[in-house]
Structures are given as C-alpha cells and as structure tokens.
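Now for the letters of each chain:
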Amino acid sequence: DGETALMIASRLGNEACVRALLSGGASPDQAKNSGETALMMASRGGMEACVRALLSGGASPDQAKEDGETALMLASSGGNAACVCALLSGGASPDHAKNGGETALMIATYRSDEACVRALLSGGASPDQAKNSGETALMMASRGGMEACVRAL
C-alpha cells in the first residue's frame, strides 16, 4: 500500500524516529497509494509533536489527497485542536476546500468541536466560505443546533 517507515513513526507518534528518519533523508511528502502522507497520519491521530517535526522537516502543509482532503481537515475531523494550531502555524491554508467545497472549518463545525472551530477562526478561516451546495459553516451549526459553534462563528 506504499506505507513508509516515516508514515509508521508519524502514525504512532514517535517524534524521535520521525526526526531521525527526516535527518536520514526520508521524504516528508511521499504518499501512500491512497494519497495519505505522514503529516496526514500524524494530524489525524493527534500527534502534535510529529506534526511539528514533519513541518520543520519540510512537509507540505497543504498537500491533498485526490478528493482534496488535507492534514488540516484530518486534524479537524479528529478533534485535534493542537494539531490544527500547529498546522496553521506551519502555513496550512485555513480555507482549502475538498472537491465538494467542504473546508476544515465545516468539518469541525459538523463535529460540533468548538475548540477546533475557534482555532481555525483564529488562524484565518472564513466563516462565510460555502460548499458547492451553498451551505456555510454557520448554516451547518444552525441546522444542527450547535449553539457553541454558532456563537463562535
């Protein structure tokens, strides 16, 4: 499936191995057959130290899978606000959208994850950006009765 040693170390949260592998020349942006990178795996799993190590080792914060999904979206879907903040400080675009127009802010809102919503807004995410269907994060929060997210947005 194309998984590398760097991906395994990142997924398991082994920062020391991630740094050693990067120092040894491992490619931080190599992707599995699915398009997933080490940064995406670390972000999804909430491995903030590995996210920071990968970013400092040259990982592209906005590399996307075929459907447009990025590490920031995976961190948001996993409720990993610390990884969201690390990715935003590392240059991730807060408004990058998947093929259907869904952004990390919309994903966090759908999950009713106030911490991720606030982190994304602080990082410059636009609450007015709409999916291809026209729905915004605020509309999603209102429809779902997510009062904390409505207040944040």
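Residues numbered from 1 in each chain as written. Predicted model: local features only at pLDDT ≥ 70, side-chain atom pairs only at ≥ 80, totals over all residues. Heavy atoms only, no water.

Colleague: Sorry if this is basic, but what is going on with the overall build of the protein chain here?
Modeller: Each helix and strand in the protein chain was counted, giving 10 helices and zero strands. Taken over the C-alpha trace, the protein chain has a radius of gyration of 15 Å; the compact-globule value for 153 residues is 15 Å, and the two agree within 12%. Viewed in the frame of its principal axes, the protein chain has a C-alpha envelope of about 50 × 25 × 20 Å. The burial tally for the protein chain puts 44% of its 153 residues in the buried class. If you take every contact in the protein chain between residues at least 6 apart in sequence, the share linking residues at least 24 apart comes to 67%. Accessible area for the protein chain stands at about 6700 Å²; split by element, carbon and sulfur atoms hold 47% of it. Each charge class in the protein chain was averaged separately, 12 positive and 17 negative side chains, and the resulting centres sit 4 Å apart. (Helix = DSSP H or I, 4+ residues; strand = E, 2+ residues; numbered from the N terminus. Rg over C-alpha atoms; globule rule 2.2 N^0.38 Å. Buried < 20%, exposed > 50% of the residue type's maximum accessible area, 1.4 Å probe, protein only. Contact = heavy atoms within 4.5 Å. Areas by Shrake-Rupley, 256 points an atom, 1.4 Å probe, with all protein chains shown as cover. Lys, Arg positive; Asp, Glu negative; His and termini not counted. Charge placed at Lys NZ, Arg CZ, Asp CG, Glu CD.)

Colleague: Just to check I follow, could you spell out the packing of helix α3 (residues 38-45) against helix α4 (residues 48-56) for this structure?
Modeller: How two helices pack is summed up by the angle between their axes together with the distance between the axes. Packing of α3 against α4 brings their axes to within 8 Å, and their N-to-C directions diverge by 155°. By the criterion of interaxial angle, the relationship of α3 to α4 is roughly antiparallel. Our pair here, α3 against α4, has a crossing hand that is left-handed. On α4, the residues touching A38, L39, A42 and S43 of α3 are C50, V51, L54 and L55. Among the residues forming the contact of α3 with α4, the class breakdown is seven nonpolar, one polar and no charged. (Axes fitted to C-alpha atoms, helices over the stretch in contact; angles between N-to-C directions. Parallel < 35°, antiparallel > 145°, perpendicular 65-115°, else oblique. Left-handed = near helix turned anticlockwise from the far one by under 90°. Nonpolar A, V, L, I, M, F, W, Y, C, P; charged D, E, K, R; others polar.)

Colleague: Even after reading the chapter, I still don't get the state of the cysteines, so can you show me in this structure?
Modeller: As used here, a disulfide is simply a covalent bond connecting the sulfur atoms of two cysteines. The final tally for this structure, using the stated rule, is zero disulfides. C116 provides the cysteine sulfur closest to C149, a residue in no disulfide bond, and the two sulfurs are 9.6 Å apart. Judged by relative accessible area, which is 1%, C149 ranks as buried. (Disulfide = S-S within 2.5 Å.)

Colleague: Before we go on, may I ask you to explain the nonpolar core in this structure?
Modeller: A general trend in soluble globular proteins is that nonpolar side chains are found buried together. Grouped together as the largest cluster of nonpolar side chains are 44 residues, with contacts concentrated most on L54, L87 and L120. Ranked by the residues each element gives to this core, the list is headed by helix α6 (residues 81-89), at six residues. For L54, the contacting residues outside a window of four places in its chain are L6, S10, V18, L22, A38, L39, A42 and A59. (Core = buried A, V, L, I, M, F, W, Y, C linked by side-chain atoms within 4.5 Å.)

Colleague: Looking at this structure, how should I read helix α1 (residues 5-12)?
Modeller: Every α-helical turn comprises 3.6 residues, leaving residues that sit three or four positions apart pointing alike. Every buried residue of α1 is accounted for by L6, M7, A9 and S10. Down the axis, α1 shows its buried residues gathered within 165° of arc, on one side only. For α1, the secondary structure elements touched by its buried residues are α2 (15-23), α3 and α4. The positive-phi residue at the C-terminal boundary of α1 is G13, with phi of around 80°. (Arc of directions from axis to C-beta.)

Colleague: Which parts of the structure should I look at to understand the side chain of T70?
Modeller: With respect to the helices and strands, T70 occurs in the loop between α4 and α5 (71-77). Setting aside chain neighbours within four positions, we find T70 in contact with M40, D62, Q63, A64 and H96.

Colleague: Whenever I open this one, the pattern of salt bridges confuses me. Can you help?
Modeller: Between side chains of opposite charge, a pair can form when the charged atoms approach closely. In total, this model carries 11 salt bridges according to the counting rule given. Between E3 and R11 there is a salt bridge, with the nearest N and O atoms lying 3.2 Å from each other. Take E3: its relative accessible area is 30%, and that puts it in the partly exposed class. Across the pair E48 and R52 runs a salt bridge, and its minimum N-O distance is 3.0 Å. Residue E48 and its partner R52 are both found in helix α4; the two are separated by four residues, about one turn of the helix. The class of E48 is partly exposed, set by a relative accessible area of 30%. Exposure remark for R52: the relative accessible area of 36% places this residue in the partly exposed category. Counted as one network, the salt bridges with shared partners bring together K131, E135 and R143. (Salt bridge = Lys/Arg side-chain N within 4 Å of Asp/Glu carboxyl O.)

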